[in-house]
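The chain contents come next:
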Amino acid sequence: MNQLKSPEKSFEISKWEVWEAFQEVKRNQGAPGVDGQSIADFESDLRGNLYKVWNRMSSGTYFPPPVRAVEIPKQHGGGTRMLGIPTVADRVAQTVVARHLGVRVEPAFHENSYGYRPHRSALDAVERCRERCWRKDWVIDLDIQKFFDSVRWDLIVKAVEAHTDAVWVILYVKRWLQAPLLLPDGTLQKRDRGTPQGSAVTPPTQWATSASR
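Because the structure is a prediction, the values reported are computed rather than measured. (Residues numbered from 1 in each chain as written. Predicted model: local features only at pLDDT ≥ 70, side-chain atom pairs only at ≥ 80, totals over all residues. Heavy atoms only, no water.)

Draft legend 1. View of the layout of surface pockets. There is about 210 Å³ of room inside the second largest pocket. For the lining of the second largest pocket, the element with the most residues is helix α3 (residues 46–59), which contributes four residues. Of the residues assigned to the lining of the second largest pocket, the class counts are seven nonpolar, four polar and three charged. (1 Å grid on protein atoms, 1.4 Å probe; cavity = no way out; pocket = protein on both sides within 12 Å on 5 of 7 lines; lining within 4 Å. Points joined across faces, edges and corners; volume = space filled by probe spheres on them. Helix = DSSP H or I, 4+ residues; strand = E, 2+ residues; numbered from the N terminus. Nonpolar A, V, L, I, M, F, W, Y, C, P; charged D, E, K, R; others polar.)

Given below as structure tokens:
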């Protein structure tokens, strides 16, 4: 961990960024991905595993493994939602990118946006809604059906490019979008649109709560 950057690598990604990303992944916990490796397993050779993530990301040779798909019931009934569980190593890599994008995207959010943002919670959104109810007697409730399942990849990449010119960030976002799903029945599903919910770069929609403007 002493050497933060290597001039011999294609991309400037520090080892410290990878280390901090792992600490965040560890705090969030989570189930094993397709390799069956838990966070405890990953920690058994932490230095070696983090080096592999850093080495591949900084050299442009990191390719994400398939995402393990798990069906979970929707909070308010009406069927199930497909949750994608990346491997621990892949969650670390995704968190490196998510942290890079977070500091650049955060200033662009509307003041009334509460989904996915640091130091903001669902309770903060509820409090703002209560304030609005003192002045307004109406509410608009919107939900885009199957948004995460059908969103176009080119639009996602375009949005990312609007906030960063880091080639490695755009490269890995594209690769994560193309990563196949390992379905519960053991079959591998290739995709041409949409993105699995549940990873560092695609937070599950049930965590997003925004107050009405």
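Draft legend 2. Quick peek at unusual backbone geometry. At Gln 29, a residue that is not glycine, the phi angle is positive and equals roughly 60°. Tracing the chain through its elements places Gln 29 in the loop between α1 (15–28) and α2 (39–43).

Draft legend 3. Looking closely at the environment of Asn 49. On the secondary structure map, Asn 49 appears in helix α3. Sequence separation between Asn 49 and Val 88 is 39 residues; the distance between their C-alpha atoms is 9.9 Å. If we skip the residues at most four places from it in the chain, Asn 49 touches Gln 37, Asp 41 and Phe 42. (Contact = heavy atoms within 4.5 Å.)

Draft legend 4. Spatial organisation of the packing of aromatic side chains. In the structure shown here, the tally under the stated rule is seven aromatic pairs. Here the aromatic rings of Phe 22 and Phe 42 are separated by 5.6 Å at their centres, their planes lie at 25°, and the arrangement is stacked. On the criterion of sequence distance, the pair formed by Phe 22 in helix α1 and Phe 42 in helix α2 is long-range, its members being 20 residues apart. Pair check on accessibility: Phe 22 and Phe 42 agree, each one buried. Between Tyr 51 and Trp 54 the ring centres are 5.6 Å apart and the planes differ by 50°, which places this aromatic pair in the tilted class. (Phe/Tyr/Trp six-rings, centres within 6.5 Å; stacked < 30°, edge-to-face > 60°. Buried < 20%, exposed > 50% of the residue type's maximum accessible area, 1.4 Å probe, protein only.)

Draft legend 5. Region of the structure containing the sheet that holds strand β1 (residues 67–73). With mixed pairing, the four strands of this open sheet are ordered in space as β2-β1-β3-β4. Bordering the open sheet on either side are β2 (80–85) and β4 (188–189), each of which pairs with just one other strand. Note that strand β3 (residues 181–182) and β4 share two bridges and pair antiparallel. Note on β4: the bridge partner recorded for Leu 182 is Leu 188. (Pairing = 2+ DSSP bridges.)

Draft legend 6. Local environment of the nonpolar core. Met 57, Val 92 and Trp 168 are the most contacted members of the largest nonpolar core, which has 32 residues in total. Residue assignment for this core shows that the elements contributing at least two residues are α1, α2, α3, α4 (88–105), α7 (153–161) and α8 (167–178). Setting aside anything within four residues of it in sequence, one finds Met 57 in contact with Phe 11, Ile 13, Tyr 62, Ala 93, Val 96, Val 97, Trp 168 and Tyr 172. Ranked by size, the runner-up nonpolar core spans five residues in total, among them Val 67, Ala 69, Ala 179 and Leu 183. (Core = buried A, V, L, I, M, F, W, Y, C linked by side-chain atoms within 4.5 Å.)

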